[in-house]
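Commentary on secondary and tertiary structure
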Amino acid sequence: MTDYIYYVKHSNTDDKYKDAVKNRVTAFKNEIKKNKFFLNNFTFHICDSFKTLGNKSKLTKYVSEHSDQFFYTGGMTASFKEGTSDIIIKTSKDSVFNISVDKQISDVTQATMHEIGHQFDDQFGYCDPKLLREVKKLPLWTDDEGTKEQQKLYDTFLKNKDLSDSNEFKKAWKQDVQNLGKSSLSNFLFKHRHIDYYVFDVDITDGVTDYEVEEADSHRNEIFAQLFSYAMGEDDGQKEAIVEKYSNCYRMVKLYIKKYLGIDVKNN
């Protein structure tokens, strides 16, 4: 089986970012010992602005047409189970007065591994084939959100398709966020210094129920992808604090990486 990965540099984007993404993905692929074709036929879109993505795929079309909704988003991908094989990496960030500032290369490579982490979570998770067949009939990637029944079906799909939806990861996440929700100076500082990785989907200050674990699907996805990037050697300056607070989740992510990719990251 021939392995192809494609890299598309969009307008007004510096060549150095395309090179950085390609080099990082290549280095990652060289580490993989199992399921070596994990990213086969994926396209990495490297762009200065989401508005420049255009109509190259369903995902790029949707993101470019709704770019204002993703103002603070540094990267994007979607479920491979739904048929997408795109990863989008944004090379700039907006600062004060809406001035666009180029990112550091390290920020771009970290975002790249974060988005690959989402794909790892998705592709090696289990989804009931009947549920997947029904989801593929839904009007995805349009402004039509469908009926309430269709929305409910899609919500069920989102909560039952990933490694981060597995019982063992949910158990690890519950243990970590129960500790994170306790009143302490350390948790207070974490909440305000690492706001993107605190839990706001549900109230964790009064304990965490199994129902709340289910409802926090989006947070479980995000922390999984972030921990994946850390396990693979990236560090955006938040690694030490996040790994400490999500130690049980981090242990599970590293176990999954070894199980499905054959990469032993126990020292990271």
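Going by the structure above, here's the rest.
Residues numbered from 1 in each chain as written. Predicted model: local features only at pLDDT ≥ 70, side-chain atom pairs only at ≥ 80, totals over all residues. Heavy atoms only, no water.

This paragraph deals with the nonpolar core. One finds Phe28, Phe44 and Phe120 to be the most contacted residues of the largest nonpolar core, which totals 55 residues. Among the elements that make up this core, the one with the highest residue count is helix 11 (residues 247–261) (eight residues). Apart from the residues lying within four places of it in its own chain, the contact partners of Phe44 are Ile5, Tyr6, Tyr7, Val8, Val21, Val25, Leu39, Ile87, Thr112 and Ile116. Counting nine residues, the second-largest nonpolar core is a separate cluster that includes Phe50, Leu53, Leu59 and Phe70. (Core = buried A, V, L, I, M, F, W, Y, C linked by side-chain atoms within 4.5 Å. Buried < 20%, exposed > 50% of the residue type's maximum accessible area, 1.4 Å probe, protein only. Helix = DSSP H or I, 4+ residues; strand = E, 2+ residues; numbered from the N terminus. Contact = heavy atoms within 4.5 Å.)

Burial analysis of strand 2 (residues 43–47) places five of its five residues in the buried class, the great majority of the element. The pairing of strand 1 (residues 6–9) with strand 2 spans four bridges and is parallel. By the bridge assignment for strand 2, Lys9 is matched with Ile46. Handedness of the crossover joining strand 1 and strand 2 through helix 1 (residues 15–31) is recorded here as left-handed. (Pairing = 2+ DSSP bridges. Right-handed = clockwise from strand over helix to strand, strands pointing away.)

This part covers helix 9 (residues 217–231). Spacing of three or four residues puts side chains on the same side of an α-helix, whose turn is 3.6 residues. The end-to-end C-alpha distance of helix 9 is 21 Å, a good match for the 21 Å that 15 residues give at a rise of 1.5 Å each. In terms of burial, helix 9 is largely enclosed, as 13 of its 15 residues are buried. Positive phi shows up at Gly233, right after helix 9, with a value of about 100°. (Expected span 1.5 Å × (residues − 1).)

What follows is about the pattern of salt bridges. Scanning the entire structure with this criterion turns up 14 salt bridges. Asp122 serves as the salt-bridge partner of Lys81, at 3.7 Å between the closest nitrogen and oxygen. Taken as a pair, Lys81 in the loop between strand 3 (75–77) and strand 4 (86–90) and Asp122 in helix 3 (residues 105–123) lie far apart in primary sequence, 41 residues in all. According to the relative accessible area criterion, Lys81 is buried, its value standing at 13%. Judged by its relative accessible area of 3%, Asp122 falls in the buried class. (Salt bridge = Lys/Arg side-chain N within 4 Å of Asp/Glu carboxyl O.)

Attention shifts here to the sheet that holds strand 3. Judged by pairing direction, the sheet is mixed, and its four strands sit side by side in the order 1-2-4-3 without closing on themselves. Strand pairing shows two members of the sheet lacking a second neighbour, strand 1 and strand 3, which therefore form its edges. Strand-to-strand twist in this sheet, taken as the mean axis angle between neighbours without regard to direction, amounts to 15°. Helix 1 rests against strand 1 and strand 2 of the sheet, and its axis sits at about 165° to strand 1. The strands that helix 2 (residues 58–65) touches are strand 2, strand 3 and strand 4; relative to strand 4, the one it contacts most, it runs at about 35°. (Axes fitted to C-alpha atoms, helices over the stretch in contact; angles between N-to-C directions.)

With respect to the helices and strands, the residue Phe42 is situated in the loop between helix 1 and strand 2. Residue classification places Phe42 among the buried positions, given a relative accessible area of 0%. A sequence separation of 37 residues divides Phe42 from Ile5, and the C-alpha atoms of the two residues are 5.3 Å apart. Setting aside residues up to four positions removed in sequence, Phe42 forms contacts with Tyr4, Ile5, Tyr6, Phe80, Thr84, Ser85, Asp86, Ile87, Gln119 and Gln123.

Moving on, we get to the side chain of Gln110. Mapped onto the fold, Gln110 is located in helix 3. Residue class for Gln110 comes out buried when judged on its relative accessible area of 8%. A distance of 3.2 Å separates the side chain of Gln110 from the side chain of Gln226, its partner in a polar contact. (Polar contact = N/O pair within 3.5 Å; in protein donor to acceptor, adjacent residues only side chain to side chain.)

Helix 9 packs onto helix 6 (residues 167–180) with a crossing angle of 90° between their chain directions and a minimal axis gap of 11 Å. Judged by the inter-axis angle, helix 6 sits roughly perpendicular to helix 9. Contacts between helix 6 and helix 9 involve Phe169, Lys170 and Trp173 on the former and, on the latter, His219, Arg220, Ile223 and Phe224. Residue classes in the contact of helix 6 with helix 9 are distributed as four nonpolar, one polar and two charged. (Parallel < 35°, antiparallel > 145°, perpendicular 65-115°, else oblique. Nonpolar A, V, L, I, M, F, W, Y, C, P; charged D, E, K, R; others polar.)

Take it as geometry only, folks, not as evidence of what the structure does.
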